[in-house]
Protein chains: 2
Amino acid sequence: MTVTFAPRPSVLDVEEGLALAPRFPADGLMPCVTTDAADGTVLMLGWMNEQALRLTIETCEAHYFSRTRQAVWHKGATSGLTQTVVRMRIDDDQDAMWLEVTVAGSGASCHVGYRSCFYREVPIGPAAGGPLRFTETERRFDPVAVYGDAPNPTIL
Amino acid sequence: MTVTFAPRPSVLDVEEGLALAPRFPADGLMPCVTTDAADGTVLMLGWMNEQALRLTIETCEAHYFSRTRQAVWHKGATSGLTQTVVRMRIDDDQDAMWLEVTVAGSGASCHVGYRSCFYREVPIGPAAGGPLRFTETERRFDPVAVYGDAPNPTIL
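Computed from a predicted structure; not experimentally measured.

J.: Would you mind showing me how to read the UniProt feature "domain: Phosphoribosyl-AMP cyclohydrolase" (unreviewed entry) in chain A here?
T.: The sites that UniProt annotates as "domain: Phosphoribosyl-AMP cyclohydrolase" (unreviewed entry) are residues 44-119 of chain A. The span residues 44-119 of chain A is 13% helix and 37% strand, and its two end C-alpha atoms sit 10 Å from each other.

Written out as structure tokens, the structure reads:
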């Protein structure tokens, strides 16, 4: 079944309706949080344009929009670390997604090689201003071996 | 201790360093995913500017930037449903945050009255194109009683 997006005629329709009526607030992109379906760990925060959202819904494999490459990106196409979507939810005003996924292979989702992109804790409260603390210490894969000399997606 | 943000001289510094060097990619804002510290449920996807990030780090209470009101927003200031931050993590390229929180009062984080903003499931795969399905059915609070006639934050 082809996925179509509904109009957004009213707040009530958007917030309480049963029609998928997404908005892409950041230059045509919406943020997408992806968690591990097994234990709830936040694996990454990605971005989707309309096509990435459609492809994810239709294929049950996570697709994002690469801001660096300015192209739709089938997660795992290079690394083999695909994300199979177990459940997908949209938020109240339909401008953010939540994917619960199962990751293939080593289970990593971060281009640096860690399981989660969120591998550093920020000290808060009395510890505010202190150094970041690594919460993962071992990489699941070697980025150079997997990505070779492909451009690093981190924007300075 | 006052929180200061470090420069971003290299990809290695940003990805593997111990200095907090955030980037705010969406018109001065970064996305922030907030989960329940007890069970990992994604409660909301908010946005932070520099000030919201600083206040969250210093006070251990979640602050966001309201795109509707164009102002920093102490979550729960009106509703009493404050979010105490248990743990805060930043992602690989330091342009997204993850907060694990404990929510006060009824435990709701969604302005519509539900516990999570992500209260509707999007059908995928063979079910693609079908109607959204509510995963929460009971509101935790009455938005009219709590917010009165304050403008609804949903943008059409």
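From this point, the narrative continues.
J.: It is not clear to me how helix α2 (residues 50-59) of chain B should be interpreted in this structure. Could you clarify?
T.: It helps to recall that an α-helix has 3.6 residues per turn; residues three or four apart then point in one direction. Residue and element names in this part refer to chain B. Within α2, burial applies to Ala52, Leu53, Thr56 and Ile57. The buried residues of α2 occupy an angular sector of 130° when projected down its axis, which confines them to one face. Buried residues along α2 sit against β2 (42-48), β3 (63-66), β4 (71-74), β5 (83-90) and β6 (97-103). Directly beyond the C-terminal end of α2, a positive phi value near 65° is found at cysteine 60.

J.: Quick question: what am I supposed to make of the pairing of β6(B) here?
T.: Regular strands place their side chains on alternate faces of the sheet. Residues and elements named next belong to chain B. The buried fraction of β6 is high, at six of seven residues. With five bridges connecting them, strand β1 (residues 30-36) and β6 associate as parallel partners. Note on β6: the bridge partner recorded for aspartate 36 is valine 101. Bridge analysis of β5 against β6 gives seven bridges, and the strand direction is antiparallel. Bridge pairing in β6 links isoleucine 90 to methionine 97.

J.: Just checking my understanding: could you explain the interface of chain B and chain A for this structure?
T.: By convention, interface size is frequently given as the accessible area that disappears when the constituent parts associate. The partner chain A presents 69 residues to the 69 residues of chain B that form the contact. Between chain B and chain A, a total of about 5900 Å² is buried, with carbon and sulfur atoms accounting for 62% of that surface. When the buried area of chain B at its contact with chain A is split by residue, B:Phe118, B:Arg120 and B:Leu156 rank highest and sum to 12% of it. Taken together, chain B and chain A are joined by eight salt bridges. The shortest N-O distance in the salt bridge between A:Glu121 and B:Arg87 comes to 3.8 Å.

J.: Whenever I open this one, the relation of the copies chain B and chain A confuses me. Can you help?
T.: Both copies of the chain are tied together by a single rotation about an axis and a shift running along it. Turning chain B through 180° and shifting it by 0.0 Å along the axis lays it on chain A, with an RMSD of 0.0 Å. Taken together, the turn and the small shift mark the pair as related by a two-fold rotation axis. For chain B, the residue whose C-alpha comes nearest the rotation axis is B:Gly40, separated from it by 2.6 Å. The overlap is high: 100% of the interface residues of chain B also sit at the interface in chain A, so the same surface is used on both sides.

J.: Hey, could you run me through the pattern of salt bridges in this one?
T.: Oppositely charged side chains may form a pair once their charged atoms are brought near each other. Overall, the coordinates contain 22 salt bridges over all chains when judged by the stated rule. B:Asp39 is the partner of B:Arg115 in a salt bridge, and the nearest nitrogen-oxygen pair spans 3.1 Å. Placement of B:Arg115 in the loop between β6 and β7 (120-121) and of B:Asp39 in the loop between β1 and β2 is noted, with a sequence separation of 76 residues between them. The partly exposed category is assigned to B:Asp39, whose relative accessible area is 46%. What you see here is one network of salt bridges that share partners, running through A:Arg87, A:Arg89, A:Glu100, B:Glu121 and B:Arg133.

Thresholds, definitions, all that
- Residues numbered from 1 in each chain as written.
- Chains lettered and ligands numbered in written order.
- Predicted model: local features only at pLDDT ≥ 70, side-chain atom pairs only at ≥ 80, totals over all residues.
- Heavy atoms only, no water.
- UniProt positions renumbered as here; feature names shortened; annotations may be inferred.
- Helix = DSSP H or I, 4+ residues; strand = E, 2+ residues; numbered from the N terminus.
- Buried < 20%, exposed > 50% of the residue type's maximum accessible area, 1.4 Å probe, protein only.
- Arc of directions from axis to C-beta.
- Contact = heavy atoms within 4.5 Å.
- Pairing = 2+ DSSP bridges.
- Buried area = accessible area lost by both parts, 1.4 Å probe.
- Salt bridge = Lys/Arg side-chain N within 4 Å of Asp/Glu carboxyl O.
- Least-squares fit on C-alpha atoms with pLDDT ≥ 70 in both.

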